[in-house]
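So the chains spell out like this:
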Amino acid sequence: HKLSKIQYHFILVLLYIVKAKHLIFKFWLCILFLPYGVWASDTIGHAYNQIKNTLPFETIFETEKYLFVKVSIKKSNHRNMDSSRAELKAVSVLLQHLTTKNYIDQIQWPDGFDLHLKQELLKLYIANKGITIKKLTPIEDYNMRKQYVMVVGIDKDIFVKSLPPYEDIIDVYYNSP
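These numbers come from a predicted model, not from an experiment.

Right, let's get into the overall build of the chain. Looking only at helices and strands, the chain has seven helices and four strands in total. Its helices and strands in sequence order give the chain the pattern α-α-β-β-α-α-α-β-β-α-α, from N to C terminus. Taking contacts inside the chain between residues at least 6 apart in sequence as the whole, the part at least 24 apart equals 60%. Carbon and sulfur atoms make up 59% of the accessible area of the chain, which amounts to about 12,500 Å² in all.

If you walk through the whole model with that rule in mind, you get seven aromatic pairs. An angle of 35° between the planes, with centres 5.8 Å apart, marks the rings of tryptophan 109 and phenylalanine 113 as tilted. Note on phenylalanine 113: relative accessible area 21%, which makes it partly exposed. With a centroid separation of 5.3 Å and 65° between ring planes, the pair formed by tyrosine 173 and tyrosine 174 is classed as edge-to-face.

Next up on the list: the pattern of salt bridges. According to the stated counting rule, one finds eight salt bridges in the structure shown. With its nearest N and O atoms 3.0 Å apart, the salt bridge here joins arginine 79 to aspartate 141. One end of the pair, arginine 79, is in helix α3 (residues 79–98); the other, aspartate 141, is in strand β3 (residues 137–144), and 62 residues separate them in sequence. Using a relative accessible area of 42% as the deciding quantity, one classes arginine 79 as partly exposed. Owing to a relative accessible area of 32%, aspartate 141 belongs among the partly exposed residues under this scheme. Among the charged side chains, a salt-bridge network with shared partners connects Lys101, Asp105 and Lys118.

On to the nonpolar core. Within the largest apolar cluster, 33 residues are counted, with the highest numbers of intra-cluster contacts made by Val69, Leu94, Leu98, Leu122, Ile131, Ile133 and Phe159. Those elements that place two or more of their residues in this core are β2 (66–74), α3, α4 (101–104), α5 (115–128), β4 (147–155) and α7 (166–175). The biggest single contributor to this core is α3, with seven residues. Setting aside residues no more than four positions away along its own chain, phenylalanine 159 makes contact with Leu67, Leu94, His97, Leu98, Tyr103, Ile133 and Ile154. Membership of the second largest hydrophobic core comes to eight residues, among which are Ile44, Ala47, Ile51 and Phe68.

Another point: the pairing of β3. Bridge count for β3 against β4 is seven bridges, and the pairing is antiparallel. By the bridge assignment, proline 138 is partnered in β4 with valine 152. If you look at the hairpin formed by β3 and β4, you'll find two residues sitting between the two strands, and arginine 145 has a positive phi there, around 55°.

Within the open sheet, the four strands sit side by side as β1-β2-β4-β3. Their pairing is antiparallel. Single-partner strands in this sheet number two, and they are β1 (60–62) and β3. The mean angle between the axes of side-by-side strands here comes to 20°, regardless of whether they run parallel or antiparallel. Contacts from helix α2 (residues 44–51) reach β1, β2, β3 and β4 within the one sheet, and its direction differs from that of β2 by about 70°. Packed on one face of the sheet, α3 meets β1, β2, β3 and β4 and runs near 130° to β2.

Rules behind the numbers
- Residues numbered from 1 in each chain as written.
- Predicted model: local features only at pLDDT ≥ 70, side-chain atom pairs only at ≥ 80, totals over all residues.
- Heavy atoms only, no water.
- Helix = DSSP H or I, 4+ residues; strand = E, 2+ residues; numbered from the N terminus.
- Contact = heavy atoms within 4.5 Å.
- Areas by Shrake-Rupley, 256 points an atom, 1.4 Å probe, with all protein chains shown as cover.
- Phe/Tyr/Trp six-rings, centres within 6.5 Å; stacked < 30°, edge-to-face > 60°.
- Buried < 20%, exposed > 50% of the residue type's maximum accessible area, 1.4 Å probe, protein only.
- Salt bridge = Lys/Arg side-chain N within 4 Å of Asp/Glu carboxyl O.
- Core = buried A, V, L, I, M, F, W, Y, C linked by side-chain atoms within 4.5 Å.
- Pairing = 2+ DSSP bridges.
- Axes fitted to C-alpha atoms, helices over the stretch in contact; angles between N-to-C directions.

Put into structure tokens, the structure is as follows:
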């Protein structure tokens, strides 16, 4: 059965329309998922993958947006307990880091307070009131010989928000035993 010229051209037009729809679909697909690719490269996991081979134990590692801590504890037979203990140790390292100059200066201190006084007052506050570090993200955990290793990360902006205001710190100072 031979196609007429009109039928032949009609089929060609349909094929071009199908191809055009396919290209338009690909175009919209790219437009929709391109921002996701840009966003995904700016996540805490992506930042960790950039530095994971250079991350030291029990030291804060800072990137432009995030703080990372890698800790190790003696492994037990209870993974949940190991995870909790490791996270607690990581929080301890982060709390010590709060008393460094970069972060302690984020608090609105009155003039005349030297760095040592600020550090001691903040340590007193932490010892008496405690600080809750929110949105700590467990990045990786694994067993290494007889050790359980955990890496946690936190956004720097969230970390800074965990600092108490000066008024609360001084209140603890005047009301501590």
